[in-house]
Structure formats: structure tokens, C-alpha cells
Amino acid sequence: MTFNSLLQFAAVLGVLLLLARPLGEYMGRVLEREAVFLDPLVKPLERGLYRLAGIEAEDRMDWKGYALAVLVFSGVGLVALLALFRTQHLLPFNPQRQPPLPWGVALNTALSFVTNTNWQAYAGESTMSHLTQMLGLTVQNFLSAAKGIAVLAALARGLRRRKATNLGSFWVDLTRITLYILLPLSMLFAVVLIALGVVQTLGPNPVATLLSPIQGVDGKPVLHQVLAVGPVASQEAIKILGTNGGGFFNSNSAHPFENPSALSSLLQVLGILLIPASLCFSFGRMVRDRRQGLALLSAMTLLFLMALGALHWAEQRGNPALRGLPVTQVLADQPGAEHPGGNLEGKESRFGITGTTLYATATTGTSCGAVNGMHDSFTPLGGLVTLLLMQLGEVVFGGVGSGLYTMLVFAILAVFMAGLMVGRTPEYLGKKIEAFETKMASLVILIPAASVLVGTALAVLLPAALASLSNPGAHGFSEALYAFSSASNNNGSAFAGLGANTPFYNSATGIAMLLGRFGTLLPVLAIAGSLASKKRTPPGPGTLPTHGPLFVVMLVAVVLLVGALTFLPALALGPIAEHLALRG
Amino acid sequence: MALLRPALVFAAAFSVLCGLAYPLSVTGIGLVAFPRQARGSLLVREGRLRGSELIGQHTEDPGYFWGRLSATQDAEGRPLPTNAANSSGSNLAPSHPELRKHAERRIAALRQADPSNTSTVPADLVTASASGLDPHISPAAAAYQVPRVARVRHLDPEKLRTLVRAHTRDRTLGFIGEPCVNVLELNLALESMR
């Protein structure tokens with residue numbers, strides 16, 4: 001690893017940790033309905049919306065009411081998306097005259113965006129009208145992200161309150177998160193992205209004259225280049241900040257119009273990690289113990305650094321399959337002859353190995369799923385790191401809200417295991433962790449894991465599914481494993497060689513995305529409800545403190561242990577087998 | 001059902017706010033404050049649109065600098081390099097036999113265009129970019145091609161190296177990203193030297 005790579009990594013993490021505290025404090029105030037500086041601007045709009053919807057800011061919901069509201073609202077979003085996909089040819093802002101989406105891909109995509117997965121079985125620039133991208137996909141980018149943060153807020157309230165049932169109002173949380181956090185941040189980020197070169201226009205695609213004609217396959221020379229454009233920056237901003245990841249273009253943030261420079265790429269990495277990291281501070285504020293949030297953030301950062309180091313090392317070593325050819329994969333830094341070196345297939349020159357591996361770690365550690373390089377072409381061990389980051393349950397900063405609530409489930413498991421070791425009733429933040437909480441926590445871990453493994457098994461057993469694999473041998477298995485790891489953990493990135501737009505993959509990943517989102521979100525709300533009803537016990541001599549370095553190490557160990565025990569056999573069949581074969 | 005009214009109201013309200021007001025106001029701000037970038041950083045020469053500063057163009061004319069390999073396809077799924085209406089990488093795994101074949105084919109084409117150049121080829125010239133539209137190559141990849149382009153165009157290699165340097169972008173703030181040569185801009189500059 002060069003000094004320059006280290007400098008880029010340090011810059012991102014340094015700025016992230018600097019911004020996380022003030023933003024986290026601000027978000028905490030928004031979630032607790034305290035006064036914030038945007039009040040004069042936004043408050044009237046907020047009040048108007050409540051009046052229209054017939055709700056009050058003081059409304060209360062127990063965990064079942066909260067869960068039902070999340071489900072109903074997701075259902076409405078699903079129907080709206082489907083309607084838009086099926087009628088886009090009749091609606092305005094469709095300069096390329098895109099036809100309606102077929103049912104299979106329409107349903108898969110609707111599920112994908114409602115669950116904050118943003119798995120894409122379609123190519124954006126050749127499928128979606130500008131209106132669909134804005135009114136459909138951009139809107140769900142906001143709302144699915146807001147839902148994740150809302151559920152985290154409900155869990156924090158459950159931990160904080162005593163002998164209570166009230167977890168707050170989902171509608172109020174949804175509104176405040178969208179109006180006070182997501183919209184202003186996106187607005188700011190979108191304008192910065194445009195300044196750096198991301199396109200934002202509603203006009204038709206410009207047509208350029210090529211430098212020299214390209215010989216088409218049918219023998220006819222191609223003289224022109226159609227430059228697909230659109231309202232990209234506005235969608236890009238929330239795609240990144242809401243850890244959504246669904247790209248405007250097929251090649252996502254590798255496309256120069258979506259991610260034009262190394263600086264825009266670094267800012268996108270920062271944007272992906274910003275809200276998930278900051279929420280640790282919001283959480284600490286909400287439970288009145290900042291050290292708790294800091295411990296969780298430390299565990300996340302530790303896991304992030306391990307993954308980043310491994311991924312960068314694997315990719316910088318290059319591709320052994322090019323051995324014997326007169327090709328250099330060595331990093332060079334002489335002025336006038338610089339070369340990034342390493343495994344450059346599926347990577348953009350402006351990002352190099354450093355920019356691509358940093359992005360890949362951030363996007364798979366959170367449930368973002370945006371990519372600035374093609375993970376399918378990563379070295380086997382590099383691909384393994386991205387797979388594992390998803391399989392761990394998206395807790396390395398994680399999705400907005402969902403990352404932290406899943407990490408809190410791991411914290412509950414960690415105190416439970418510690419309790420078993422010393423023979424005491426485990427507690428977390430003064431709340432006794434009993435059979436119900438432990439069962440629900442197990443569901444949060446087991447449902448996505450089962451979905452990954454069963455889905456992958458089906459994909460390699462059914463002949464119709466096997467046809468989707470684009471790479472031969474062990475890597476083909478990795479493609480299926482990646483698809484279900486991504487869908488079941490609501491990531492959305494892919495080993496994109498996979499032919500994902502088939503009846504099998506559209507329906508199987510659709511189910512996996514649903515299970516991954518609601519199979520974790522509902523048990524988390526159940527835990528929140530159960531914890532809220534308990535009294536608070538003061539810490540005794542046998543209580544495991546959950547804020548010190550000991551607990552951080554314990555938490556990291558539990559996350560890695562659960563992930564390794566569940567997925568090592570599958571990883572051995574895919575990336576590890578491929579690695580051994582390739583090294584020869 | 002008490003939940004249906006708020007669900008419908010918030011769905012409609014946020015569709016208008018996040019799906020229309022937000023993107024349309026960003027579009028407005030973009031077109032006023034950064035019109036060039038918002039429209040795609042287009043390169044116009046002598047009144048003709050020649051491409052975008054951000055989008056590569058495939059060429060195998062020995063008198064031009066060549067870019068990365070591109071795995072993009074046309075609407076029917078047939079190979080059409082640097083098709084900016086359908087971005088895509090190759091998605092070939094390192095172990096895929098095709099990946100090595102693509103590299104071999106590129107090396108053969110480079111050697112055929114310049115048999116006198118026997119130095120090793122920088123890896124970025126024999127691998128496909130992630131988008132298939134990468135506008136850049138590394139300075140090493142440009143330096144590798146200087147003798148060929150100079151010979152075909154009857155230019156002084158030293159003069160050509162100066163031109164390459166003028167189209168090389170160093171790391172932002174001295175440490176962000178990789179030094180890159182913009183191939184299309186460099187090639188357009190070659191044209192105007194004629």
C-alpha cells in the first residue's frame with residue numbers, strides 16, 4: 001500500500017469522523033422533535049402535512065402499530081411504482097420513448113426500491129423514462145431510507161423508555177427525517193455533484209460525431225455516439241446519502257456522468273458512510289449515554305479497516321491469469337509514466353485500485369450497493385471481502401438506520417453470550433435481555449442468512465437458473481452467491497455478469513429482498529416494544545459494561561464469528577476455490 | 001382504516017416534494033450555476049459536437065491514441081465499443097479464459113500497429129474499463145503509444161510528449177485519484193495540429 005493510498009483512506013475517515021458528531025447531534029434533535037435551525041423554513045410545511053394527513057405530532061404508536069404503518073406505507077409505495085413502470089410510455093418526460101416495463105422486471109424493481117435494496121435487473125439508461133427515474137425511483141430512495149432511520153429511532157426509544165408502550169409515531173418520524181435530514185442534505189450534495197461534472201438535464205440525448213468510424217458487427221460503420229443524459233445528480237445524491245445504490249446508468253457510479261472524477265468518487269464514499277456513522281452519535285444522544293454510540297462506531301470502524309486493507313491488498317496484486325503476457329501490472333510512479341498497476345479489468349482509470357477498493361468496501365459494508373468498478377471482475381479474494389461484508393448483515397456502518405439497528409441486535413447477542421459465560425442475566429443499557437429478545441435477535445440473524453443459502457442452493461440446482469451464470473467454474477457459483485447475499489441483505493450490487501432479468505432471478509431475489517428487509521425490521525420493532533415495557537435496572541457488579549474497548553472487541557468477534565460460521569462453506573466453494581485454481 | 005389516509009397523503013406529498021420539486025429545482029440550479037457540467041461537459045469543435053470530455057471514444061486508427069478496452073454493446077446485444085447509450089463492463093472474472101484472449105488480441109493489435117515497440121504493455125491498455133466509457137488512460141499507457149502516433153503523424157516525439165503532458169491531469173489536491181490522460185481531448189488536439 002502506497003503512502004498516497006493511505007492518505008486517501010485517512011482523508012475519508014478523518015472527515016467522516018469530524019462530520020459525524022455534529023450531524024449525529026442534529027439528527028438526534030430532529031428525531032426527538034427538538035428545535036433545530038431549519039424550523040423557520042420547514043416547520044410550516046411539516047404542520048401542513050400533518051393537517052392534510054389528519055395526524056398529530058404527539059401521536060403514539062406501540063410496536064405493532066408502528067410496524068403496521070411501515071408495512072402499509074411500503075405497500076402504497078409498491079403499487080405507485082408498479083403503476084409508473086407500466087404506464088411510463090403514456091406520461092411526460094420520456095424523450096427517448098421508453099416502453100412500459102414487462103411485469104417480471106417491474107415487480108422485481110418495485111420490491112427492490114421499496115426495500116432500500118436497489119437491485120437492478122434492468123439497464124437504467126435504456127429502460128426508464130426521466131419521469132420514472134424522478135417520480136418513482138428517486139422518491140423511493142428517500143422514503144425507504146427514511147423508513148430505516150425511523151425504525152432505528154423506535155428501537156432507541158424502546159431502550160430509553162421504561163414501562164412504556166409508546167415508540168413514537170411513524171408518520172412524524174418519516175416526515176421529519178425526510179424534510180429536515182434527507183432533502184436538505186441531498187439538495188446540497190446534488191449541486192456539488194453537478195459542479196464536479198455529474199449531468200442534470202431533462203433534454204434528449206446529444207449525438208456526437210465520432211473521432212473515427214467504428215466498424216459495427218453487421219459491417220456498417222457507426223459514425224455517431226449517442227450520449228445518454230438525464231436528471232442524474234438529483235438521483236445520485238439521495239442514492240448515495242440514503243445508502244440506496246440504484247444507479248441512473250447501467251454501470252452505476254463507474255459511469256463518468258454519474259461519477260466524473262476521483263474527487264466526486266471520494267465524496268460519494270463519504271456520503272455513503274456519513275448518515276450511518278452519524279446515527280451512532282444520534283443513538284448515543286437518544287439513550288442519554290454517548291459512550292454507547294461511540295463503542296458501536298468503533299466496532300464498525302475496526303471492521304471497515306480490516307476489510308479495506310484486505311481488499312486493497314488483493315486487488316493491487318493483479319491478475320495471475322495475465323502472467324506470461326508482455327503486460328505490466330506493477331504500480332509505477334515515475335513522473336510522465338505513472339501507472340496504477342494491479343487488477344484493472346472493470347476499473348476506471350481515474351479511480352485506480354485505491355479509489356475502487358475504498359468505494360467497494362464502503363458500498364458493501366453499508367447496504368448501499370452503488371459501484372464504481374465491476375465487482376464481478378475483482379480478484380477472487382477481493383470478491384470474497386465484498387461478499388463477506390454483505391453476509392455479515394450490513395453492519396460495517398451499514399444501511400441508514402438498518403445498519404445500526406442490526407448492529408444493536410449483534411450487541412444484544414454479544415451481551416447474551418457474555419451472560420452465558422459468566423452465568424448472569426444479560427443486560428443492555430439497563431434492560432434485561434430475556435428469552436423473547438434473544439429469539440427475535442436470532443431471527444434477525446437467521447432470516448437473511450437462510451435466504452442467502454437457500455437461494456444460492458436453488459440457483460445452482462435449477463437448470464433454468466444455471467443459464468444465468470456468465471462465468472465458468474467456481475466463479476459462476478460466486479455470481480449466484482453474490483446475488484443472494486446482496487438481495488437478502490438489501491445491498492443491491494451484483495456480480496453483474498449474471499443474467500438477472502429472468503423469471504427465476506426476478507422472483508427469487510424479489511422474495512429475498514422482502515425477507516431481508518421485513519424479516520429483520522419486524523423482529524427489531526418487536527424487540528423495541530418488549531424493551532420499552534421493561535423497567536430499568538441500575539448496573540450492578542456483574543453487569544458487562546457495553547462501552548469499553550473490551551466490549552468493542554467482543555462485538556467485532558461476535559459479528560465475525562457468526563458470519564464465518566454461517567458462510568465459510570459457501571465461500572470455500574466460490575471465491576476460495578477460484579483463488580486456489582487461479583494461483584495454480 | 002385509520003392508516004390509509006396518512007399513507008396515501010404522505011405518499012402523494014412526498015412524490016411531489018422528492019419526485020418533482022426536488023429534481024426540478026436541482027435541474028434549475030444546475031442549468032443556471034453550472035450549465036456546461038449539467039449538460040454533459042460537451043466538446044464542440046468548429047460548430048460540431050465531437051463528444052464529451054467525460055466519455056471515451058473507441059478508435060484503432062494508429063494515428064490516434066487508443067483508450068481502454070470497452071465491453072459495451074448495441075441495442076441488440078452485439079459488441080459496439082464506447083456505446084454511451086448503454087454503459088457496461090465486461091464482467092469477466094480474472095479466471096475467465098476470454099479475459100486473457102481479449103488481452104492477447106489487444107497486444108497483437110498494438111504490436112501490429114507499431115512492430116518496433118517491444119516494451120511491455122501497461123495493463124490498463126489490455127483491460128476493459130468498468131463503464132466501457134472510460135475517457136482516460138494512465139500516463140504510462142500514453143507514453144507507450146507516443147512513438148507510434150509520432151511516426152504516423154510525422155511529429156517530433158518530444159513535441160508529442162509535451163502535448164500529452166498538457167492533457168494529463170495530476171492527482172486532485174496532490175493526493176486524490178490517479179494521474180490520467182484524457183484521450184479524446186488529446187486526439188482532438190492532434191487533429192488541430194494537422
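Details of the structure are given in the entry above.
Below, the structure is looked at part by part. For every chain, the first residue of the written sequence is number 1, and numbering continues from 1 along that sequence. Ligands are numbered from 1 and chains lettered from A, in the order in which they are written. Note on the predicted model: pLDDT of at least 70 is required for a residue's local features to be given, and 80 or more for side-chain atom pairs to be given and counted; whole-chain, interface and lining totals, by contrast, use all residues. Values shown for side chains rest on all heavy atoms present in the structure; no hydrogens or waters enter the calculation.

## A look at the overall build of chain B
Numbering of helices and strands runs from the N terminus, with a helix taken as a DSSP run of H or I at least four residues long and a strand as a DSSP run of E at least two residues long. Summing up its helical and strand segments, chain B has six helices and six strands in all. Only the C-alpha atoms count toward the radius of gyration. The rule for a globule is 2.2 Å times the residue count to the power 0.38. Its C-alpha atoms give chain B a radius of gyration of 22 Å, clearly above 16 Å, the size a compact globule of 194 residues would have. Principal axes of the C-alpha set define a box for chain B whose edges measure 80 × 40 × 35 Å. For each residue, the accessible area found with a 1.4 Å probe, counting protein chains only, is set against the maximum for its type, and the residue is called buried under 20%, exposed over 50%, and partly exposed in between. Relative to its 194 residues, chain B shows a buried fraction of 59%. Considering only contacts within chain B whose residues lie at least 6 apart along the sequence, 58% involve residues at least 24 apart. Computed by Shrake-Rupley with a 1.4 Å probe, the accessible areas treat only the displayed protein chains as cover when residues are assessed. Of the roughly 8000 Å² of accessible surface on chain B, 57% is carried by carbon and sulfur atoms. Contacts are assigned to residue pairs that have any heavy atoms within 4.5 Å of one another.

## Points about the sheet that holds strand S4 (residues 136-137) of chain B
Residues and elements named next belong to chain B. Between any two strands, at least two bridges found by DSSP are needed for them to pair. Pairing is antiparallel in the open sheet, where three strands are placed in the order S4-S6-S5. Only two strands of the sheet have a single partner each, and these edge strands are S4 and strand S5 (168-169). Inspection of the sheet shows S5 paired to strand S6 (residues 180-182) by two bridges, in the antiparallel sense. The residue of S6 that forms the bridge with arginine 169 is cysteine 180.

## Considering the interface of chain B and chain A
Taken together, the contact pairs 106 residues of chain B with 119 residues of chain A. Buried area is calculated as the accessible area (1.4 Å probe) missing from two parts once they are joined, with the contributions of both summed. Taken together, the two surfaces of chain B and chain A that pack against each other cover about 8900 Å², and 68% of this comes from carbon and sulfur. Definition used for salt bridges: Asp or Glu carboxyl oxygen within 4 Å of a side-chain nitrogen of Lys or Arg. At the boundary of chain B and chain A, one finds one salt bridge. Here a polar contact means two N or O atoms within 3.5 Å. Within protein one must be a hydrogen donor candidate and the other an acceptor candidate, and residues neighboring in sequence count only if both atoms are side-chain atoms. Our count for the chain B to chain A interface comes out at 45 residue pairs in polar contact (both at pLDDT 80 or more). When residues of the side of chain B that touches chain A are traced back to their parent elements, those giving at least two are helix H1 (4-33), helix H2 (35-38), strand S2 (48-52), helix H3 (97-113), strand S3 (121-122), S4, helix H4 (139-153) and helix H6 (183-193) of chain B. Counting residues per element, the side of chain B that touches chain A draws most heavily on H1 of chain B, which supplies 24 residues. Of the strand pairs in this sheet, strand S3 (residues 327-328) of chain A and S3 of chain B are connected by two bridges, and their pairing is parallel. Within S3 of chain B, the residue paired with valine 327 of chain A across the bridge is valine 121 of chain B.

## Things to note about the nonpolar core
One broad rule of soluble globular proteins: the nonpolar side chains tend to lie buried together. With 163 residues, the main nonpolar core has Phe170, Trp171, Ile275, Phe283, Met407 and Tyr428 of chain A together with Phe10 of chain B as its most contacted residues. Residue contacts for isoleucine 275 of chain A: discarding those within four places in its chain leaves Leu23, Met27, Ile149, Ile181, Leu182, Leu185, Leu241 and Val400 of chain A. Trp66, Ala141, Val149 and Ala150 of chain B belong to the second largest nonpolar core, which has 33 residues in total. Among the buried residues, those of types Ala, Val, Leu, Ile, Met, Phe, Trp, Tyr and Cys that are joined through side-chain atoms within 4.5 Å form a nonpolar core.

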